[in-house]
Structures are given as C-alpha cells and as structure tokens.
Amino acid sequence: MELANKSDEEILKIVDPIMDNLMAASTDIDHERHVRDFTDRIKNIVTKPYLERVCVQYQTEKGFFTERELVAIFRRPDSIAVIWSQKFSRMPGEYVAEMVLVEENSRYLVDHVMVF
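So, how was this worked out
- Residues numbered from 1 in each chain as written.
- Predicted model: local features only at pLDDT ≥ 70, side-chain atom pairs only at ≥ 80, totals over all residues.
- Heavy atoms only, no water.
- Helix = DSSP H or I, 4+ residues; strand = E, 2+ residues; numbered from the N terminus.
- Expected span 1.5 Å × (residues − 1).
- Buried < 20%, exposed > 50% of the residue type's maximum accessible area, 1.4 Å probe, protein only.
- Arc of directions from axis to C-beta.
- Contact = heavy atoms within 4.5 Å.
- Pairing = 2+ DSSP bridges.
- Axes fitted to C-alpha atoms, helices over the stretch in contact; angles between N-to-C directions.

1. Considerations on helix α4 (residues 48-62)
Note on helix geometry: an α-helix contains 3.6 residues per turn, so any two residues three or four positions apart are oriented the same way. Between its first and last C-alpha, α4 extends 21 Å over 15 residues, near the 21 Å set by a 1.5 Å rise per residue. Where α4 is concerned, the buried positions are Leu51, Cys55, Tyr58, Gln59 and Lys62. All buried residues of α4 fall inside an arc of 100° around its axis, so they share one side. In α4, the exposed residues that point more than 90 degrees away from the buried face are Pro49, Arg53 and Thr60. On its buried side, α4 packs onto α1 (8-28), α2 (31-34), β1 (65-75), β2 (80-88) and β3 (95-104). Looking one or two residues beyond α4, the residue adopting positive phi is Gly63, at roughly 95°.

2. Brief notes about unusual backbone geometry
Phi is positive for Asn105, close to 50°, though the residue is something other than glycine. Positionally, Asn105 belongs in the loop between β3 and β4 (107-115).

3. Brief notes about the sheet that holds β4
Overall, antiparallel pairing links the four strands, which are arranged β1-β2-β3-β4 in an open sheet. With partners counted over all chains shown, the strands left at the sheet margins are β1 and β4, one partner each. Across the sheet, the mean angle from the axis of one strand to that of its neighbour is 25°, orientation sign disregarded. Here β1 pairs with β2 via eight bridges, running antiparallel. Counterpart to Glu69 in the pairing with β2 is Ser85. Here α1 sits on the sheet in contact with β1, β2, β3 and β4, set at roughly 140° to β1.

Here it is in structure tokens:
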C-alpha cells in the first residue's frame, strides 16, 4: 500500500482535508458532503437518518468541534489509522477522533471514522 509508505507530513496533507470536510459536513448535517470520501461499506452504515440522529445528539450534548491535535498515525498493510485529540465547544475535556483510510482504485477513502 503506497499510503503506508508516506511520511507523517504526507499523510497529514491527505487526511487533514478529509477530516476537516467530515467535521464541517457533520456540523452542517450535510449527508452528501459528509460521505463523499467514504467507502461503500461505511456509506451503507452512515445513512442520512443515521447521520442526522448522531449529529443532533453530539451537538446538543457537546457543542461543535474545535481544536484537533495529532496523536498518532498507525500504518497497516492495507490501511492507515490516524488518531487525534479532539475538543468540543460546549463540553470540556479531550476526546478521541479517529479515521481509518484505505486506497481503492487510486483514491483514498474513509473506511471508519468516529469521535468518542
């Protein structure tokens, strides 16, 4: 996998814009934009009603996404996992933001993403 051979800086140039889009689309509850870089597997999970329910819940409880800081990049034979420390506007403390990125047909796609 080409992605696993890239430096941290090269990987961040790929994943940061994807994660920025996911967080902005989540804030706006924009399903089409939110899933644009998803694999088919995760698109089948993150339906429009599912995304709306999750976004309303986290926005009500925690507010909106604010600062995000890289913690680690894990390289695997068929994917990479990126972990950030994530903060929210309304809830104090640090949360975990994670993304698993794969290569499919020369595209980098999200196969798992979560903030907890």
